[in-house]
Amino acid sequence: MLTKVINEEFSVLHSSKEIARQGRKALIITGRFSAKRNGALMELQKVLQDTGTEYVIYDKIEENPSVETIMEARDLGISKGADFCIGLGGGSPMDAAKAVAILLFHSDRGADYLYEKPTNLDMDENGNTLAYPVIEIPTTCGTGSEVTGVSVLTRHDLKTKKSLPHRVYPVLALLDPRYLMHAPYEILRNTAIDAMAHFIESYINTNATEEIKQKILAGLKLWSSGKEVITGDRKVGYLSNPDMSAEERVTDLKILSDMLTASMMAGEVIAVTGTSLPHALSYRLTYQAGIAHGPATGIFQPGFMSYADEKTQKALLRAMDFRDLNEFREFLGKTCDIKGISDLDYSLIIENSIKDILSEPARMEKVPYPVNREVLENMVS
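Because the structure is a prediction, the values reported are computed rather than measured.

We now examine the overall build of the protein. Looking only at helices and strands, the protein features 16 helices and 8 strands. For 381 residues, the compact-globule formula gives about 21 Å, and the C-alpha radius of gyration of the protein, at 20 Å, lands near that figure. Dimensions of the protein, computed from the C-alpha atoms along their principal axes, are close to 55 × 55 × 40 Å. Burial analysis of the protein (381 residues in total) assigns 56% to the buried set. Put simply, 79% of the contacts in the protein that link residues at least 6 apart link residues at least 24 apart. On the protein, roughly 16,200 Å² of surface is accessible, and the fraction owed to carbon and sulfur atoms is 49%. Side-chain charges in the protein split into 42 positive and 52 negative, and the spacing between the mean points of these groups amounts to 1 Å.

Structure below.
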């Protein structure tokens with residue numbers, strides 16, 4: 001694996017030398033609130049200060065960050081002389097950090113470069129785009145961006161989200177389940193559903209080896225320990241129980257640690273296989289209807305699975321601890337919140353999403369069964 005992962009409580013505080021050796025001045029890329037509320041930013045600042053590493057903070061990353069935001073962060077980094085990036089938060093800051101690292105390194109290039117296919121001169125010996133070093137510190141349990149080379153940004157000009165053609169793998173990922181203790185229920189739910197989607201789309205995938213499939217099933221078993229958290233039947237963390245006992249804290253941390261580790265494992269497998277049809281179907285729903293990314297991918301998983309062979313379905317359902325596809329569908333019906341969109345708007349958005357997929361055959365190459373309009377229409381119904 002290209003990314004060094006440290007997965008333990010106080011991982012940031014324990015990794016001061018690893019962090020400091022990445023450069024002279026860090027550009028911390030984060031959102032406005034969560035990293036401050038959960039203590040992650042404070043701990044990171046302490047490490048940087050103790051090691052004499054300069055830093056500047058860009059804390060305007062929105063959910064589903066846009067190319068315009070990336071350019072603003074890049075310009076700040078250039079003006080302050082930053083030579084490495086730290087993505088702190090959920091998938092949005094972590095994806096943003098990779099994109100900013102590219103444009104900091106290629107400081108003479110504009111926003112268009114983000115969606116230009118890199119040439120041999122732009123890549124290292126492994127085929128990854130040359131960029132400044134990136135450290136990722138996740139505070140949610142879904143994207144797995146801390147161990148992938150992928151960055152997905154919002155394209156306002158296209159009214160959707162699109163992956164960059166570049167690959168930038170973080171040099172270091174620091175996972176700490178304590179940060180999840182401060183996450184709101186909706187964040188835990190939505191990001192955990194995204195991790196589940198990564199596992200399923202990687203398993204039903206022509207790029208999936210037997211080794212990858214075994215890792216997916218092991219990851220889904222870890223993921224399933226948080227199912228009651230996802231449904232809201234079990235409240236975890238300080239936000240729901242600020243007066244928790246030491247015993248309750250240990251139990252909550254174990255569940256959250258399993259969910260965080262599962263998310264990271266899901267990132268490792270999609271780094272090999274890539275995502276598939278449900279993700280492709282989700283992007284317009286997120287951009288045009290404001291549906292959170294996890295639920296926007298989750299609602300299509302039963303339809304996606306229904307076309308897989310029986311052996312595949314049974315293996316995935318057993319790992320997730322569902323009796324059958326109907327129970328799985330009911331679970332997602334309760335946990336994937338796509339309220340607030342009319343049937344007409346849903347139909348129009350999905351029709352355009354189907355057209356997107358059919359217009360790019362490469363999107364279907366990883367699917368191990370034939371895909372046509374009828375299959376896609378059944379998948380989304």
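Our next topic: the packing of aromatic side chains. Under the counting rule described, the total for this entry stands at 6 aromatic pairs. The interplanar angle of 55 degrees and the centroid separation of 6.2 Å between the aromatic rings of phenylalanine 304 and tyrosine 369 together place this pair among those described as tilted. Pair noted here: phenylalanine 304 is in helix α12 (residues 301-306) and tyrosine 369 is in the loop between α15 (343-359) and α16 (373-380), with a separation of 65 residues, a long-range link. Assessed through its relative accessible area of 0%, phenylalanine 304 is described here as buried. An aromatic cluster is defined as three or more aromatic residues linked by ring pairs; in this entry it consists of Trp223, Phe322, Phe328 and Phe331. The cationic tip of arginine 178 hangs over the ring face of phenylalanine 10; the distance from NZ or CZ to the ring centre is 3.8 Å. Over the face of the ring belonging to tyrosine 185 we find lysine 235, whose NZ or CZ atom lies 5.3 Å from the ring centre.

Moving on: the pairing of strand β2 (residues 25-30). Within β2, 6 of the 6 residues are buried, which leaves the element mostly enclosed by the surrounding structure. Of the two faces of β2, both are covered, the one formed by Lys25, Leu27 and Ile29 as well as the one formed by Ala26, Ile28 and Thr30. Sheet topology note: the β2/strand β3 (residues 54-58) ladder contains 5 bridges and is parallel. Residue pairing across strands places lysine 25 opposite glutamate 54, the latter belonging to β3. Of the pairings in the sheet, the one linking β2 to strand β4 (residues 84-89) comprises 5 bridges and is parallel in character. Note on β4: the bridge partner recorded for leucine 27 is cysteine 85.

With respect to the helices and strands, threonine 53 occurs in the loop between α3 (40-50) and β3. Accessibility expressed as a relative area gives 6% for threonine 53, which makes it buried. Counting along the chain gives 33 residues from threonine 53 to alanine 20, while the straight-line C-alpha distance between them is 6.2 Å. With sequence-adjacent residues up to four places away left out, threonine 53 is seen in contact with Ala20, Gly23, Arg24, Leu48 and Phe84. Only 2.9 Å separates the side chain of threonine 53 from the side chain of threonine 51, close enough to count as a polar contact.

On to the layout of surface pockets, then. Approximately 260 Å³ is the volume attributed to the second largest pocket. In terms of lining residues, the second largest pocket is bounded by 15 residues, among which Ile299, Phe300, Arg329, Gly333 and Ser381 are the most central. Its residues assigned to classes, the lining of the second largest pocket comprises 9 nonpolar, 5 polar and 1 charged.

On to helix α10 (residues 277-289), then. With 13 residues, α10 extends 19 Å between its outermost C-alpha atoms, agreeing within 8% with the 18 Å of an ideal straight helix rising 1.5 Å per residue. Counting buried positions along α10 gives 10 out of 13 residues, so the element sits mostly inside the fold. Taken residue by residue, α10 has Leu277, Pro278, His279, Ala280, Leu281, Ser282, Tyr283, Arg284, Leu285 and Thr286 as its buried positions. Residue glycine 290 follows α10 closely and has a positive phi angle near 70 degrees.

Moving on to the sheet that holds β2. Reading across the sheet, the 6 strands line up as β1-β8-β5-β4-β2-β3 and stay open at both edges, with parallel pairing between neighbours. Two strands in the sheet have a free side with no partner beyond their single neighbour: β1 (4-7) and β3. Across this sheet, the average inter-strand angle for adjacent strands is 15 degrees, counted without regard to direction. Contacts between helix α5 (residues 91-105) and the sheet are confined to β2, β4 and β5 (134-138), with β4 contributing the most and set at about 170 degrees to the helix.

Reading guide: rules and limits
Residues numbered from 1 in each chain as written. Predicted model: local features only at pLDDT ≥ 70, side-chain atom pairs only at ≥ 80, totals over all residues. Heavy atoms only, no water. Helix = DSSP H or I, 4+ residues; strand = E, 2+ residues; numbered from the N terminus. Rg over C-alpha atoms; globule rule 2.2 N^0.38 Å. Buried < 20%, exposed > 50% of the residue type's maximum accessible area, 1.4 Å probe, protein only. Contact = heavy atoms within 4.5 Å. Areas by Shrake-Rupley, 256 points an atom, 1.4 Å probe, with all protein chains shown as cover. Lys, Arg positive; Asp, Glu negative; His and termini not counted. Charge placed at Lys NZ, Arg CZ, Asp CG, Glu CD. Phe/Tyr/Trp six-rings, centres within 6.5 Å; stacked < 30°, edge-to-face > 60°. Lys NZ or Arg CZ within 6 Å of the ring centre and 35° of its normal. Pairing = 2+ DSSP bridges. Polar contact = N/O pair within 3.5 Å; in protein donor to acceptor, adjacent residues only side chain to side chain. 1 Å grid on protein atoms, 1.4 Å probe; cavity = no way out; pocket = protein on both sides within 12 Å on 5 of 7 lines; lining within 4 Å. Points joined across faces, edges and corners; volume = space filled by probe spheres on them. Nonpolar A, V, L, I, M, F, W, Y, C, P; charged D, E, K, R; others polar. Expected span 1.5 Å × (residues − 1). Axes fitted to C-alpha atoms, helices over the stretch in contact; angles between N-to-C directions.

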